[in-house]
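Structure at a glance
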Amino acid sequence: MRPLNFAAPFCLAAGLFMTLSAAQAAEPENTLVIELESGEVEIALRPDLAPQHVERIKQLARAGEYDNVAFHRVIDGFMAQTGDVEFGDMENGFDPQRAGTGGSAHPDLPAEFSDAPFERGTVGMARAQDPNSANSQFFIMFAPAQHLNGSYTVVGQVETGMEHVDQLKKGDPARNGSVEDPDRMERVYIAADE
């Protein structure tokens, strides 16, 4: 009787560890890969939290619309923002004065807020004041930011390559993180498509 009671916590802990490990590793269909100059960043997308937002990101990635898009706003110790396919494409139509104000040819999305916290490596959708205004832009957190919890849509989590995000050129704090001559996402794709 005693060995069973002693073994039960270990079996339970092993089962929880296996469940957590499986939950952390996204299948290729829900893995977004961002190629930066310094290396690759793999993001586990979370359709369980934000199915419409994840579908939009996959749609834009598959169309090549995120390729060459600038990290137009990077605030040290906070986050790096990108994804403005309208004004942020550094090869086609880049407008440094308007980067961060555009979206895509698709309509804005309704908020899909969750209780998932904004921690280091969390990927969230950028939006204007209207909670239902997310479109194509997203940001990657350098550090936790509790004030964003429940107010912005979480779409994923960096699985590998956060060290490359850390190396992105930081913006001017006096200009709300606006980056002069910004780094870019060289290529963005869904792992299942490779």
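1. Things to note about the overall build of the protein
Scanning the protein from terminus to terminus reveals three helices and 10 strands. In sequence order, the protein lays out its α and β elements as α-β-β-α-β-β-β-β-β-β-α-β-β. Sorting the 194 residues of the protein into buried and exposed places 43% on the buried side. Across the protein, contacts joining residues at least 24 apart in sequence account for 66% of those joining residues at least 6 apart. Accessible surface computed for the protein: about 10100 Å², of which carbon and sulfur atoms make up 52%.

2. Things to note about the side chain of Ser133
Turning to its location among the elements, Ser133 is positioned in the loop between strand E6 (122–125) and strand E7 (138–141). A polar contact is formed between the side chain of Ser133 and the backbone nitrogen of Ala128, at a distance of 2.8 Å. The residues touching Ser133, leaving out its near neighbours within four places in the chain, are Asp108, Leu109, Arg127 and Ala128.

3. Description of the sheet that holds strand E1 (residues 31–36)
Pairing is antiparallel across the open sheet formed by eight strands, whose spatial order is E4-E5-E7-E6-E8-E2-E1-E10. Looking at which strands have only one partner, the edges of the open sheet turn out to be strand E4 (73–75) and strand E10 (187–190). In this sheet, adjacent strand axes meet at a mean angle of 25° when their direction is disregarded. Judged from the four bridges that link them, strand E2 (residues 39–45) and strand E8 (residues 154–160) form a sheet pairing that is antiparallel. Within the sheet, the bridge partner assigned to Ala44 lies in E8 and is Gln157. Across the sheet, helix H2 (residues 51–62) lies against E1, E2, E6, E8 and E10, angled at about 120° from E10, the strand it touches most.

4. Quick look at the packing of aromatic side chains
Tallying each qualifying case throughout the model produces three aromatic pairs. Note on Tyr66 and Phe138: the rings are 5.4 Å apart at their centroids and 90° apart in plane angle, and the pair reads as edge-to-face. Here the residue Tyr66 occupies a position in the loop between H2 and strand E3 (69–70), and Phe138 occupies one in strand E7, the gap between them amounting to 72 residues. Seen in terms of ring centroids, Phe139 and Tyr152 are 6.1 Å apart; in terms of plane orientation they differ by 80°. Their pairing is edge-to-face.

5. With respect to the layout of surface pockets
There is about 690 Å³ of room inside the largest pocket. What lines the largest pocket is a set of 33 residues, among which His72, Gln81, Gly100, Thr101 and Gln137 lie closest to the centre. Along the lines of polarity and charge, the residues of the lining of the largest pocket split into 13 nonpolar, 13 polar and seven charged.

6. Some words on the pattern of salt bridges
This model, assessed by the stated rule, comprises nine salt bridges. Across the pair Glu29 and Lys58 runs a salt bridge whose closest N-O atoms are separated by 3.0 Å. Here Glu29, found in the loop between helix H1 (2–24) and E1, pairs with Lys58, found in helix H2; they are 29 residues apart in sequence, far enough to count as distant. Residue Lys58 is classed as buried on the basis of its relative accessible area of 7%. Here Asp193 makes a salt bridge to Arg62, at a shortest N to O gap of 2.7 Å. Residue Asp193 is located in the segment after E10, and its partner Arg62 is located in helix H2; the two are separated by 131 residues in the primary sequence.

7. A short note on H2
Every α-helix carries 3.6 residues per turn, so stepping three or four residues along brings you back to the same face. With 12 residues, H2 should reach 16 Å at 1.5 Å per residue; the first-to-last C-alpha distance of 16 Å fits that figure. Elements in contact with the buried residues of H2: E1, E2, E6, E8 and E10. Gly64, located one to two residues past H2, shows a positive phi value of around 75°.

8. A look at the nonpolar core
Nonpolar side chains in soluble globular proteins tend to end up buried together. Counting residues in each nonpolar core, the largest one holds 32 residues, and the members touching the most others are Leu32, Ile34, Ile43, Tyr66 and Met185. Elements that contribute at least two residues to this core include exactly E1, E2, H2, E6, E7, E8, helix H3 (162–166) and E10. A per-element tally of this core places H2 first, with four residues. Excluding residues that lie within four positions of it along the chain, Leu32 makes contacts with Val41, Glu42, Ile43, Leu45, Ile57, Ala61, Val188, Tyr189 and Ile190. Met79, Ala116, Phe118 and Ala126 belong to the second largest nonpolar core, which has 10 residues in total.

Reading the values: rules and limits
Residues numbered from 1 in each chain as written. Predicted model: local features only at pLDDT ≥ 70, side-chain atom pairs only at ≥ 80, totals over all residues. Heavy atoms only, no water. Helix = DSSP H or I, 4+ residues; strand = E, 2+ residues; numbered from the N terminus. Buried < 20%, exposed > 50% of the residue type's maximum accessible area, 1.4 Å probe, protein only. Contact = heavy atoms within 4.5 Å. Areas by Shrake-Rupley, 256 points an atom, 1.4 Å probe, with all protein chains shown as cover. Polar contact = N/O pair within 3.5 Å; in protein donor to acceptor, adjacent residues only side chain to side chain. Pairing = 2+ DSSP bridges. Axes fitted to C-alpha atoms, helices over the stretch in contact; angles between N-to-C directions. Phe/Tyr/Trp six-rings, centres within 6.5 Å; stacked < 30°, edge-to-face > 60°. 1 Å grid on protein atoms, 1.4 Å probe; cavity = no way out; pocket = protein on both sides within 12 Å on 5 of 7 lines; lining within 4 Å. Points joined across faces, edges and corners; volume = space filled by probe spheres on them. Nonpolar A, V, L, I, M, F, W, Y, C, P; charged D, E, K, R; others polar. Salt bridge = Lys/Arg side-chain N within 4 Å of Asp/Glu carboxyl O. Expected span 1.5 Å × (residues − 1). Core = buried A, V, L, I, M, F, W, Y, C linked by side-chain atoms within 4.5 Å.

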